[in-house]
Amino acid sequence: MAVAAVESRTVHSLQHSWLVRLFDYKPFLIFLCLLPAAGFLLVFLSYPLGLGIWLAFTDTRIGRVGQFIGLENFESLWYDRVFITSVWNTLLYTGVATIGKFALGLWLALLLNNHLPFKSLLRAIILIPWIVPTVLSAIAFWWIYDPQFSIISYVLVDVLGWRDSYIDFLGQPWPARFSLIAANIWRGIPFVAISLLAGLQTISPSLYEAAMLDGANAWQRFQHVTLPMLMPILAVVLTFSVLFTFTDFQLVYAITRGGPVNATHLMATLAFQRGIPGGQLGEGAAIAVAMIPFLVMATLFSYFGLARRKWQQGEDND
Amino acid sequence: MTDQTLSARPQLQDKERDGVIDWSSGPRRFVTLYLPLSIFVLVLLFPFYWMAITAIKPNGELLDYKNNNPFWVKSPTLENINKLLFETDYPQWLWTTMMVAAVATALSLFASVLAAYAIQRLKFKGSQYVGLAIYLAYLVPPSILFIPLATLIFQLGLFDSPLALILTYPTFLIPFCTWLLIGYFKSIPYELEECAMIDGATRLQTLRRITLPLAMPGLISAGIFAFTLSWNEFIYALAFIQSAEKKTVPVAVLTQLVEGDVYHWGSLMAGALLGSIPVAILYSFFVDYYVASLTGAVKE
């Protein structure tokens, strides 16, 4: 009786320890741990990325498997005025919005870096535009830019009397482009400001004291202490910001849908319009693939930004 | 001469005590600090005020600026919100959005915890390259993936099903969460885990009993952030879902509440407001975690 019990226990613990040992075997455990993440990313990220590049060289439509047609999609896009406009729009949108976001975001970060009452509450309030779904705040902007009932026009015309007529924000190409850029800057400021504020807070006050003792004025302190110390984090935030502004879709789709007459399309919205409602999957994929070179450049920029940080802090410190 | 240096010294000390970045006080501080700051806050918050005030305006006041002050509402009404909740599929959309966001977040957290643990703790040859690959995966934006993903979803027979969103959202959630959690795991002393293993715990027990409880703040940060990101996602939900009743809130507000050329601004704004409130509530409870994950993701 006792012997049997002991035996069954050893058998049980043997089986158990076999499993336990397998789960403690490092290569197996590494494989097991990486499996879910790698599986997801390979199936739903790497494979579609490759598939997208393949689709760009085919004439696939919805419901029809495409044939390989070489560079034909890109050739026809090269002569497509709407596509060329969308490229220029994307560059303009990214360039102006990024400059605006960083100028204003850095200013806001510097303001928040002072001794202020209710500082954490203030920081929480400032992040709200970034937390709320973009499309939903874009709808609010759509209403703010309404041709007849725009609140901005109302203030300029009826309250201040600076203008005679209401502004047609979204009806003309250039006002529409700048309206979109303004909305994008509005949404981007919190991210830039809060990230840079985190960077500012890591700068040691003793550096400023040293600079002050050497007689540096406020501008010199900013130029020679704040900016260089902020550079590493600035490079990373800049890369993210450029990347997400360049591939932005939601704001434009929600506010203008590429109108008036395709004048405000970004590459992402044009790819959507051609690919999904238009059914030209191959052409849509070609437009999306055309964004990749720009993204690679932005990523390399980030890489060198990080490398520079390493160089500043010493090789071993990461 | 000595008198001058003596009188100069306390002045400098005063300045130092105030904090070096502090500018001079009084009116100048008002102009250089409080004035721009209040303009920033005003501009950043105005669209939400405008959203809220439009949502409770009756139609008569909404479209008549001559007789009404547009910045205020005389007779607030719940008609727009009422119409939204009982005459449209709005509750259904909210429910779908919440379910999709919750399941996608749970899946991504599970995968990310294991991946981050493997990369940061089970150091192996090439683990830093796996980490780099995951960082690069974060840089692949959905706008270049949605067309091939749409064909993939179609082939898998998942088109127009919430499962399509649940399976595709982790593509941007996993890289983000893994990246964040690697940073958190790094901050936990490895000695604690070594102690547990010396006491006979297996690696998985160590992960469950030691590492995960200590990484709780990181898990919460990653979780609420992933939830917010899924809630806000737009392009996949727009491309993969067709039936009106299965749409998520951001897509449905834009595509279902706009009928023809007549925009019902009141209910549109009510829809936007109600869709923002769940994230705003979550945000207000976990502000510090949001800031931590935002700045943590950038710093790492």
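In this numbering scheme, every chain counts its residues from 1 along its sequence in written order. In the order they appear in the text, chains get letters beginning with A and ligands get numbers beginning with 1. In keeping with the predicted nature of the model, local features appear solely for residues at pLDDT of at least 70, side-chain atom pairs appear and are counted solely at 80 or more, and the whole-chain, interface and lining totals rest on all residues.

Caption draft 1: Examining the overall build of chain A more closely. A count of helical and extended segments in chain A gives 14 helices and 0 strands. Seen in sequence order, chain A has helices and strands lined up from the N terminus as α-α-α-α-α-α-α-α-α-α-α-α-α-α. With C-beta atoms placed from the backbone, a residue counts as buried when 20 or more other C-beta atoms lie within 10 Å of its own, as exposed when 12 or fewer do, and as partly exposed for counts between those limits. The buried share of chain A, taken over its 318 residues, is 39%. Each helix is a run of DSSP H or I of at least 4 residues and each strand a run of E of at least 2, with the numbering of both proceeding from the N terminus.

Caption draft 2: Structural detail: the overall build of chain B. Regarding its fold elements, chain B presents 16 helices and 2 strands. Buried residues in chain B amount to 42% of all 300 residues. A pair of residues counts as a contact when their C-beta atoms, built from backbone coordinates, are separated by no more than 7 Å. Intrachain contacts of chain B at a sequence separation of at least 6 include 76% that bridge at least 24 residues.

Caption draft 3: Geometry of the confidence of the model for chain B. A residue's pLDDT is simply how confident the predictor is in it, with values from 0 to 100. On average, chain B scores 83 in pLDDT, and the residues at 70 or more come to 89%. Scored below 50 in pLDDT, residues 1-22 of chain B shows 11 contacts in the model against residues more than four places distant or in partner chains.

Caption draft 4: How the structure looks around the interface of chain B and chain A. At the junction of the two partners, chain B supplies 77 residues and chain A supplies 76 residues. Per-element accounting of the side of chain B that touches chain A gives the leading share, 12 residues, to helix 2 (residues 27-55) of chain B. Its residues assigned to classes, the side of chain B that touches chain A comprises 59 nonpolar, 14 polar and 4 charged. Throughout, the ten residues Ala, Val, Leu, Ile, Met, Phe, Trp, Tyr, Cys and Pro are labelled nonpolar, Asp, Glu, Lys and Arg are labelled charged, and all others, Gly among them, are labelled polar.

Caption draft 5: Structural view of the packing of helix 6 (residues 134-144) of chain A against helix 15 (residues 265-285) of chain B. For the pair helix 6 of chain A and helix 15 of chain B, interaxial distance at closest approach is 9 Å and the crossing angle is 150 degrees. The angle between helix 6 of chain A and helix 15 of chain B places the two elements in the roughly antiparallel class. Both helix 6 of chain A and helix 15 of chain B take part in a crossing whose hand is left-handed. Along the contact surface, helix 6 of chain A presents A:Leu136, A:Ile139, A:Ala140 and A:Trp143, while helix 15 of chain B presents B:Trp265, B:Leu268, B:Met269, B:Ala272, B:Gly275 and B:Ser276. All axes are obtained by fitting lines to C-alpha atoms, using only the stretch in contact for helices, and the reported angles, taken between N-to-C directions, cover 0 to 180 degrees. Roughly parallel refers to an angle under 35 degrees, roughly antiparallel to one over 145, roughly perpendicular to one between 65 and 115, and oblique to any angle outside these ranges. By the definition used in this description, the sense in which the near helix is turned from the far one sets the handedness, with an anticlockwise turn below a right angle giving left-handed and a clockwise turn giving right-handed.

Caption draft 6: Structural detail: helix 12 (residues 267-275) of chain A. Within helix 12 of chain A, 9 of the 9 residues are buried, which leaves the element mostly enclosed by the surrounding structure. Turning to helix 12 of chain A, its buried residues number three or more, namely A:Met267, A:Ala268, A:Thr269, A:Leu270, A:Ala271, A:Phe272, A:Gln273, A:Arg274 and A:Gly275. Packed against the buried residues of helix 12 of chain A are helix 4 (81-112), helix 11 (250-255) and helix 13 (281-290) of chain A together with helix 7 (142-155) of chain B.

Caption draft 7: A look at the environment of A:Ile276. Inspection of the secondary structure assignment puts A:Ile276 in the loop between helix 12 and helix 13. Spatially, the C-alpha atom of A:Ile276 lies 9.3 Å from that of A:Arg61, the residues being 215 residues apart in sequence. Leaving out residues up to four positions away in the same chain, A:Ile276 has contacts with B:Ala150 and B:Ala239.

Caption draft 8: Structural detail: the nonpolar core. Take the buried Ala, Val, Leu, Ile, Met, Phe, Trp, Tyr and Cys residues, join any whose C-beta atoms are within 7 Å, and the set you get is a nonpolar core. Among the nonpolar cores identified, the biggest contains 158 residues, and A:Ile139, A:Ala193, A:Ile255, B:Leu181 and B:Met269 are the most heavily contacted of them. Element by element, the count of residues in this core is highest for helix 5 (residues 90-120) of chain B, at 14 residues.

Caption draft 9: Here's a closer look at the confidence of the model for chain A. The predicted model of chain A averages 85 in pLDDT, with 90% of residues at 70 or higher. Predicted confidence is poor over residues 313-318 of chain A, with pLDDT under 50, and the contacts of this stretch with residues over four places away or in other chains come to 2 contacts.

Caption draft 10: Up close: helix 8 (residues 173-201) of chain A. Residues and elements named next belong to chain A. Look at helix 8: 42 Å from first C-alpha to last across 29 residues, which is about the 42 Å you get at 1.5 Å a residue. The seven residues ending at a residue and the seven starting there each receive a fitted axis; the angle between those axes is the bend at that residue. Along its length, helix 8 reaches its greatest deviation from straightness, about 35 degrees, at Gly-188, and the proline Pro-190 lies no more than four positions downstream. Across the 29 residues of helix 8, 21 count as buried, placing the element largely inside the fold. One less than the number of residues in a helix, times 1.5 Å, gives the span that helix is expected to have.

Caption draft 11: Molecular detail of the packing of helix 2 (residues 26-56) of chain A against helix 5 of chain B. At a minimum axis separation of 8 Å, helix 2 of chain A and helix 5 of chain B run at an interaxial angle of 130 degrees. Put simply, helix 2 of chain A runs oblique to helix 5 of chain B. In the crossing of helix 2 of chain A with helix 5 of chain B, the sense of the turn from one axis to the other is left-handed. Two secondary-structure elements touch here, helix 2 of chain A through A:Ile30, A:Cys33, A:Leu34, A:Pro36, A:Ala37 and A:Phe40 and helix 5 of chain B through B:Phe110, B:Ala111, B:Ser112, B:Leu114, B:Ala115, B:Tyr117 and B:Ala118. Within the contact of helix 2 of chain A with helix 5 of chain B, the residues separate by chemical class into 12 nonpolar, 1 polar and no charged.

Caption draft 12: Representation of unusual backbone geometry. Within the chain, A:Asn262 stands out as a residue other than glycine whose phi angle is a positive 60 degrees. If you trace the backbone, A:Asn262 turns up in the loop between helix 11 and helix 12. Phi is positive for B:Asp160, close to 65 degrees, though the residue is something other than glycine. By the element assignment, B:Asp160 lies in the loop between helix 7 and helix 8 (162-168).

Caption draft 13: Layout of the environment of B:Ala239. By the element assignment, B:Ala239 lies in helix 13 (residues 235-240). Each C-alpha atom, one on B:Ala239 and one on B:Arg29, is 51 Å from the other, the two residues being 210 residues apart in sequence.

Caption draft 14: Molecular detail of the environment of A:Ala235. With respect to the element layout, A:Ala235 can be found in helix 10 (residues 218-246). Taking the C-alpha atoms as reference points, A:Ala235 and A:Phe301, separated by 66 residues in sequence, lie 7.8 Å from one another.

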